[in-house]
Amino acid sequence: MIKVSEFIERREKLYSKLKDSSVLVLYSGVAKKRSADEDFEFIVNRNFYYLTNIKQENSILLVTKLDGIIKEYLFINEYSELKEKWTGRRITPNEARTLSGISNILFSPTFDAQLEMILNNTNPLDRIDYIYMDLEKENKVGPETSTNDVASTLSLNYPNKELIDVYTEIIRLRMVKSSGEIEEFKEAISKTNIGLKKLMKALQPGKYEYQLSSLFYYTIQDYDYSELSFPTICASGVNATCYMTPLCKLQENDLILFDLGCQNNLYCADISRTYPISGKFSPLQKTIYSIVLGANKLVIKSIKPGITIAELQQITIDYMAKECVKAGLINSEEEIGNYYFHNISHHIGLDTHDPSLRELPLVPGNIISDEPGLYFKELGIGVRIEDDVLVTEDGSYNLSGQIIKEVADIESALSHKNG
């Protein structure tokens, strides 16, 4: 569990980037309408959570910076015994203080009046010239209102104040993971490995893809009530060459591709593994698998501070193109784009595809995926191997290195699955 002091430090780093005579407004968001009087499950805005440690909807962080002095206010839903019978328990002001490290806790219905008072203050010493907001698209703060709608209204009502999008500054912070965040990742990956081992034991012809997808979910739920990082991809045979709904029956001579992950305190593991349903790779399957595995290992060796994801992508393309020509799978290296058509990597964090400034060179503390793949639809073979890799001071460390991926290890595990 990440300490409250870290959330305080994150906010201090962000505040140092704000101009003086400014106000910062960040929203946790609200649940989106599903139908009639039913909403989708609420998912907190990850930027808000990253700074506050608060997951509750309809919460707002309000910060003023005047003459270098910071004042923080956290607005939360007020307690209502009647509403809690239907909505579930809400955090109390004292709990909000403990979780966030913010002393001034107010109730959300008073937010508009508080913000208006701050923005209308004409005292030269307290005058606000800049309004910072997180203007990520689809950040809902009401059933039909987004942060961009709020920003438009503020710009209209206060034309003498400059509105600034703070999204990029928050993302810069999120891209570099702390030691506490790395520990969260390790636990998420460890739980994901438990689920994968369960899948390997259950793997056999005649089962359906959705049965294995469900098994992974219930295994991690059983373990410690963990949630999925994203909907599990469970694709066998030709289904592994594109994202398919997991409804097909497993055939003995096919491969099955799993792309899945478990959360730990909202931090998302993202792992892909490909297994032979029969328990043993055919010569052709082994050839394709070995090329993907070679690319996966090469990328891990290539990851270091200063390299970009674009450069890692080119390393992957060059390697797999040469190996596929050598193996007789394609006639020329230019054909590789027909069989490898996605990117090698993305940042991982509180979101599976963590927001990032992809063009920036990697730095220590970044955690990225390493996921080469080859997809031969005409052969009914799709292979992807994905690890979660930490960028270190002098190279990289594979956080998911304990999850087996060598041909011999996989075949051995599958041969002993009933033991």
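Quick look at the structure, then. (Residues numbered from 1 in each chain as written. Predicted model: local features only at pLDDT ≥ 70, side-chain atom pairs only at ≥ 80, totals over all residues. Heavy atoms only, no water.)

**Examining the sheet that holds strand β11 (residues 233-236)**
Working step 1: Read from one edge of the open sheet, three strands run β11-β12-β15, paired in antiparallel fashion. The open sheet has two edge strands, β11 and β15 (271-276), and neither has a second partner. Between one strand axis and the next, the sheet turns through 10° on average, direction left out of account.
Working step 2: Where strand β12 (residues 255-260) meets β15, six bridges bridge the pair, whose relative direction is antiparallel. (Pairing = 2+ DSSP bridges. Helix = DSSP H or I, 4+ residues; strand = E, 2+ residues; numbered from the N terminus. Axes fitted to C-alpha atoms, helices over the stretch in contact; angles between N-to-C directions.)

**Regarding the packing of helix α10 (residues 283-302) against helix α11 (residues 309-326)**
Working step 1: Taken N-terminus to C-terminus, the directions of α10 and α11 make an angle of 150°; their axes are 10 Å apart at the nearest point. Classified by the angle between their axes, α10 and α11 sit roughly antiparallel to one another. Relative to α11, α10 is oriented so that their crossing is right-handed. Counted together, Ile291, Val292, Gly294, Ala295, Leu298, Val299 and Ser302 of α10 and Leu312, Ile315, Thr316, Tyr319, Met320, Glu323 and Cys324 of α11 form the full contact between these two elements.
Working step 2: Residues of the contact of α10 with α11, tallied by class, amount to ten nonpolar, three polar and one charged. (Parallel < 35°, antiparallel > 145°, perpendicular 65-115°, else oblique. Left-handed = near helix turned anticlockwise from the far one by under 90°. Contact = heavy atoms within 4.5 Å. Nonpolar A, V, L, I, M, F, W, Y, C, P; charged D, E, K, R; others polar.)

**Considering the nonpolar core**
Working step 1: By size, the foremost hydrophobic cluster in this structure holds 91 residues, and its most contacted members are Leu24, Leu212, Ile256, Phe258, Tyr275 and Leu374.
Working step 2: Not counting chain neighbours up to four residues away, the residues in contact with leucine 374 comprise Ile288, Ile291, Val292, Met320, Cys324, Ile336, Tyr339, Tyr340, Ile381, Gly382 and Val383.
Working step 3: By size, the runner-up hydrophobic cluster in this structure holds 20 residues, among which are Ile60, Leu62, Leu66 and Val141. (Core = buried A, V, L, I, M, F, W, Y, C linked by side-chain atoms within 4.5 Å. Buried < 20%, exposed > 50% of the residue type's maximum accessible area, 1.4 Å probe, protein only.)

**Notes on the packing of helix α1 (residues 4-15) against helix α7 (residues 167-175)**
Working step 1: At a minimum axis distance of 10 Å, the contact between α1 and α7 shows a crossing angle of 135°. It follows that α1 is oblique to α7 by the angle criterion. Judged by the sense of rotation from one axis to the other, the crossing of α1 with α7 is right-handed. For the pair α1 and α7, contact is made by Arg10, Lys13 and Leu14 and by Glu169, Ile170 and Leu173, respectively.
Working step 2: Residue composition of the contact of α1 with α7, by class: three nonpolar, no polar and three charged.

**Side note on the packing of aromatic side chains**
Working step 1: Scanning all chains against the criterion turns up ten aromatic pairs.
Working step 2: Measuring from centroid to centroid gives 5.3 Å for tyrosine 208 and tyrosine 210, while their planes differ by 20°, and the two rings are stacked.
Working step 3: Looking at tyrosine 208, the relative accessible area reads 29%, which means it is partly exposed.
Working step 4: Put simply, the rings of Tyr27, Phe75 and Phe111 touch in pairs and so form one group of aromatic residues.
Working step 5: Between arginine 10 and the ring centre of phenylalanine 7, over which it is positioned, the NZ or CZ distance is 4.7 Å.
Working step 6: One Lys or Arg, arginine 10, reaches over the ring of tyrosine 50 and ends 4.0 Å from the middle of that ring. (Phe/Tyr/Trp six-rings, centres within 6.5 Å; stacked < 30°, edge-to-face > 60°. Lys NZ or Arg CZ within 6 Å of the ring centre and 35° of its normal.)

**Details of α11**
Residues three or four positions apart in an α-helix share a direction because the helix packs 3.6 residues into each turn.
Working step 1: Compared with an ideal rise of 1.5 Å per residue, which puts 18 residues at 26 Å, α11 spans 26 Å between its outermost C-alpha atoms and is within 8% of the ideal.
Working step 2: Along α11, the residues that are buried comprise Ile309, Leu312, Gln313, Thr316, Met320, Ala321 and Cys324. Take α11 and look down its axis: the buried residues cluster within an arc of 160°, on one side only.
Working step 3: Taken together, the buried residues of α11 touch α10, β16 (367-370) and β17 (373-376).
Working step 4: Looking one or two places after α11, you find glycine 328, whose phi comes out positive at around 80°. (Expected span 1.5 Å × (residues − 1). Arc of directions from axis to C-beta.)

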